[in-house]
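So you can see what is in the structure, the chains are spelled out below.
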Amino acid sequence: MSATLTEKSAQKRNKELALSMVASWNRWELQGIIKHWAPDIRHFSEDRPVSSKAMVRAMEGGLAAFPDLHLDVKSIVAEGDRVCLRITVTASHGGEFLGKAASGTEVTWYMLEELRFNDAGQVIEHYDVFNYLPMLKKLGLAREDVL
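Note that this is a predicted model, so its numbers are computed, not measured.

Overview of unusual backbone geometry
Unlike most non-glycine residues, Trp28 shows phi in positive territory, near 60°. Relative to the elements of secondary structure, Trp28 occurs in the loop between α1 (7–26) and α2 (31–34). In this model, Glu46 sits at a positive phi of 50°, which is unusual for a non-glycine residue.

Here's what the structure looks like:
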C-alpha cells in the first residue's frame, strides 16, 4: 500500500472506481471501463482465463445483442485490494444472441464481479460469474423447468 493511501482510503477509492466502471457500462462506453485496466490485467470468466481482446469482444457482443442494457449494483464490498459487486442486469433483446434474432423481449440476468486493484488504482485482476438462466428462459433458449 502506498504511503499516501491508508487501507480504508484505498478501499473507498477502489469502490468509487468500480462504480465509475459500472456507470460507463450504463452509458455504453466501453473505453470508460477499459481505461481502468492495467496493461497486464488478467481476466477470468467463471474461473477460465480470458484475454483482454476476447473480453472486449464479449463486451461488444453483449452491447450488440442488448443495446440498452443497464447494470444495477445491489451491493458492493471492498476488502484489502479487492472490490466485489452483486449486479442485476436488465435489457431489451435488440440484436442477435446465441443464434436468436432480436425480439425486443425485456430480459434480466445476474452477475458477480470481483476486481483487484494495484496501488495506482488500476484493475490488475477481473473475475466474473453470470447467471444467464432467467434471460435464457425468457428468450426461449432454456426450458422453463430448469432450475
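Next comes the rest of the account.
Re the packing of aromatic side chains
Counted according to the given criterion, the structure contains 5 aromatic pairs. Taking the centre distance of 5.1 Å and the plane angle of 65° together, the rings of Phe66 and Phe97 count as edge-to-face. Of this pair, Phe66 sits in the loop between α3 (52–65) and β3 (70–79) while Phe97 sits in the loop between β4 (82–92) and β5 (106–117); the two residues are 31 residues apart in sequence, bridging distant segments of the chain. Given the relative accessible area of 2%, Phe66 is considered buried. Site record: aromatic cluster; members linked through ring pairs are Phe66, Phe97, Trp109, Phe130 and Tyr132.

Some details on the sheet that holds strand β6 (residues 123–131)
Reading across from one edge, β2-β1-β6-β5-β4-β3 is the order of the 6 strands in this open sheet, with mixed pairing throughout. The sheet terminates laterally at β2 (48–50) and β3, the two strands that pair on one side only. Here the average twist between neighbouring strands, direction ignored, is 25°. Here β3 runs beside β4; their pairing, made up of 9 bridges, is antiparallel. Looking at the pairing, Val77 lines up with Cys84 of β4. Packing of α1 onto the sheet brings it into contact with β1 (37–45), β3, β4, β5 and β6, and relative to β3 it is tilted by some 165°.

Details of the layout of surface pockets
For the largest pocket, the calculated volume is near 730 Å³. Trp25, Met59, Asp128, Phe130 and Tyr132 are, among the 36 residues lining the largest pocket, the residues nearest its centre. Looking at the lining of the largest pocket, the elements with two or more residues in it are α1, β1, β2, α3, β4, β5 and β6. In terms of residue count, the dominant contributor to the lining of the largest pocket is α3 (7 residues). Across the lining of the largest pocket, the residue classes tally to 27 nonpolar, 4 polar and 5 charged.

Section: the pattern of salt bridges
In the structure shown here, the tally under the stated rule is 10 salt bridges. Of the charged contacts, one joins Arg42 and Glu125 as a salt bridge, the two residues approaching to 3.7 Å between their closest N and O atoms. Here Arg42, found in strand β1, pairs with Glu125, found in strand β6; they are 83 residues apart in sequence, far enough to count as distant. Residue classification places Arg42 among the partly exposed residues on the basis of a relative accessible area of 45%. Here Glu125 falls in the buried class, since its relative accessible area comes to 8%. A salt bridge links Arg82 to Asp81, with the nearest nitrogen and oxygen atoms 3.9 Å apart. Using a relative accessible area of 26% as the deciding quantity, one classes Asp81 as partly exposed. Connected through shared salt-bridge partners, Arg42, Asp81, Arg82, Glu114, Arg116 and Glu125 make up one network.

What counts as what
- Along each chain, the written sequence defines residue order, and numbers are assigned to residues from 1.
- Under the rules for a predicted model, residues below a pLDDT of 70 receive no local features and side-chain atom pairs below 80 are neither given nor counted, while totals for whole chains, interfaces and linings still include all residues.
- The side-chain values count all of the structure's non-hydrogen atoms but skip hydrogen atoms and water molecules.
- Helix numbering and strand numbering both begin at the N terminus, where a helix is a DSSP run of H or I of at least 4 residues and a strand a DSSP run of E of at least 2.
- Here a Phe, Tyr or Trp ring, Trp counted by its six-membered ring, pairs with any other such ring whose centre lies within 6.5 Å, and the pair is stacked when the planes are under 30 degrees apart, edge-to-face when over 60, and tilted otherwise.
- Here's how the labels work: a residue is buried when its accessible area is under 20% of the maximum for its type, exposed when over 50%, partly exposed in between, all with a 1.4 Å probe on protein chains only.
- In this analysis, strands are considered paired if DSSP registers two or more bridges between them.
- Axis definition: a line fitted to C-alpha atoms, over the contacting stretch in the case of helices. Angles run 0 to 180 degrees between N-to-C directions.
- The contact criterion used throughout is that any non-hydrogen atoms of two residues lie within 4.5 Å.
- Grid spacing is 1 Å over the protein atoms alone, the probe is 1.4 Å, and a cavity is where that probe fits but cannot get out, while a pocket is an open set with protein on both sides within 12 Å along at least five of seven lines and lining residues have an atom within 4 Å of a point.
- Grid points are joined across faces, edges and corners, and a volume is the space filled by probe spheres set on the points.
- Under the grouping applied here, Gly and all other residues not named as nonpolar or charged are polar, the nonpolar ones being Ala, Val, Leu, Ile, Met, Phe, Trp, Tyr, Cys and Pro and the charged ones Asp, Glu, Lys and Arg.
- Between Lys or Arg on one side and Asp or Glu on the other, a salt bridge is scored when a side-chain nitrogen of the former is within 4 Å of a carboxyl oxygen of the latter.

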